[in-house]
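Each chain, written out:
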Amino acid sequence: MKPLNRYRHRSSGVILLLLIVVWSLLIALGLTFALGAQQGAIAKGVDVVPERVQNAQDVYLDSCTRCHVPVPPELLPTRRWAEILENPESHFGVNLRQSNRSLGVPPLSNIEIRLMWDYVQRASRSYREDELLPTQVKDSRFFWALHPKVKDVCQRGAIDCPNRISVQTCATCHTAAPQFDYRQLTPEWDNSP
Ligand code: HEC
Ligand code: HEC
């Protein structure tokens, strides 16, 4: 009887040990997933948006990346975004209400515009009443606030910079701009002091 008892005792110890190992593995796995998801969210755009407007952000990223890189709403004042979304017919010389088959661009619907407004309004900030509204990103102080180094480095000619800053040239420095990732830079900029 005795050996059998001892055997039982030892086996329950082994089971307990196994349970602890499996348990810690599960916790480690959960942590990895949680951190991974968080990193993904941070890399997408400038600020993490609340879950409520996540869908609207997806619509924005779907509709506004067909002709140029997605512009983070943080870079222009809210009132300028209102102008842009209220005038899809005259969007920098193109009509977003017309389908543009050669580019594979369907016409924008009112529902899409309303959803995008929810997102853009939430992710952007306002200018003071007495400030002149910038038409383009390069004229916005929000753009320059996020680019403390660029003006100086480009003026000194330390790094070759595009002649004109626009949606056409963001990707010369931001290699992952088409994926809405503005953290990743060319090695030249990454290594610049
Ligand atoms: C059919 C093509 C097309 C689509 C779709 C499109 N745009 Fe544009 N967008 C343009 C063109 C062309 C310009 C002018 C680019 C330039 O200045 O070189 C522009 C410029 C802009 C600018 C000014 C960027 C700067 O350099 O200052 C913003 C902001 C902008 N678009 C936002 C949007 C948003 C938001 C959407 C989605 C609702 C969108 N665009 C969809 C063609 C498009
Ligand atoms: C000449 C290179 C260059 C060009 C062109 C450029 N950027 Fe940047 N951008 C940078 C650098 C470098 C930083 C990091 C801040 C700094 O050092 O000035 C940055 C930072 C940013 C950030 C902040 C990223 C974050 O979350 O911390 C955003 C957003 C951004 N850029 C968007 C844009 C957009 C949109 C365009 C095009 C309209 C653009 N940039 C054009 C070099 C550039």
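All of these numbers come straight from a predicted model, not from anything done at the bench. (Residues numbered from 1 in each chain as written. Chains lettered and ligands numbered in written order. Predicted model: local features only at pLDDT ≥ 70, side-chain atom pairs only at ≥ 80, totals over all residues.)

Draft legend 1. Structural view of the site of ligand 1. The environment of ligand 1 is made up of 22 residues, and the closest members are Cys64, Cys67, Phe92, Gln136 and Val137. A breakdown of the residues in the shell around ligand 1 according to their chemical character gives 12 nonpolar, eight polar and two charged. (Near = placed C-beta within 6 Å. Nonpolar A, V, L, I, M, F, W, Y, C, P; charged D, E, K, R; others polar.)

Draft legend 2. Layout of the site of ligand 2. Taken together, 25 residues surround ligand 2, and among them His147, Lys149, Cys170, Cys173 and Tyr182 come closest. When residues of the shell around ligand 2 are traced back to their parent elements, those giving at least two are helix 6 (150–156) and helix 7 (170–173). Broken down by element, the residue count for the shell around ligand 2 peaks at three residues, all from helix 7. Of the residues in the shell around ligand 2, the class split is 18 nonpolar, five polar and two charged. (Helix = DSSP H or I, 4+ residues; strand = E, 2+ residues; numbered from the N terminus.)

Draft legend 3. Spatial organisation of the packing of helix 2 (residues 54–63) against helix 4 (residues 110–123). Running from amino to carboxyl end, helix 2 crosses helix 4 at an angle of 115°, the nearest separation of the two axes being 8 Å. Here helix 2 lies roughly perpendicular to helix 4, going by the angle between them. Once helix 2 is placed against helix 4, the crossing between them reads as left-handed. Here Asn55, Ala56, Gln57, Val59, Tyr60 and Ser63 of helix 2 lie close against helix 4, whose contacting residues are Glu112, Leu115, Met116, Asp118, Tyr119 and Val120. (Axes fitted to C-alpha atoms, helices over the stretch in contact; angles between N-to-C directions. Parallel < 35°, antiparallel > 145°, perpendicular 65-115°, else oblique. Left-handed = near helix turned anticlockwise from the far one by under 90°. Contact = placed C-beta atoms within 7 Å.)

Draft legend 4. The arrangement of the packing of helix 3 (residues 78–86) against helix 4 in detail. Between helix 3 and helix 4, whose axes approach to 10 Å, the crossing angle comes to 170°. As far as their axial angle goes, helix 4 and helix 3 are roughly antiparallel. Counting all contacts with helix 3, which are made through Thr78, Trp81 and Leu85, the residues of helix 4 involved are Ile113, Met116, Trp117, Val120 and Gln121. Broken down by class, the residue content of the contact of helix 3 with helix 4 amounts to six nonpolar, two polar and no charged.

Function-wise, these values are silent; they only describe arrangement.
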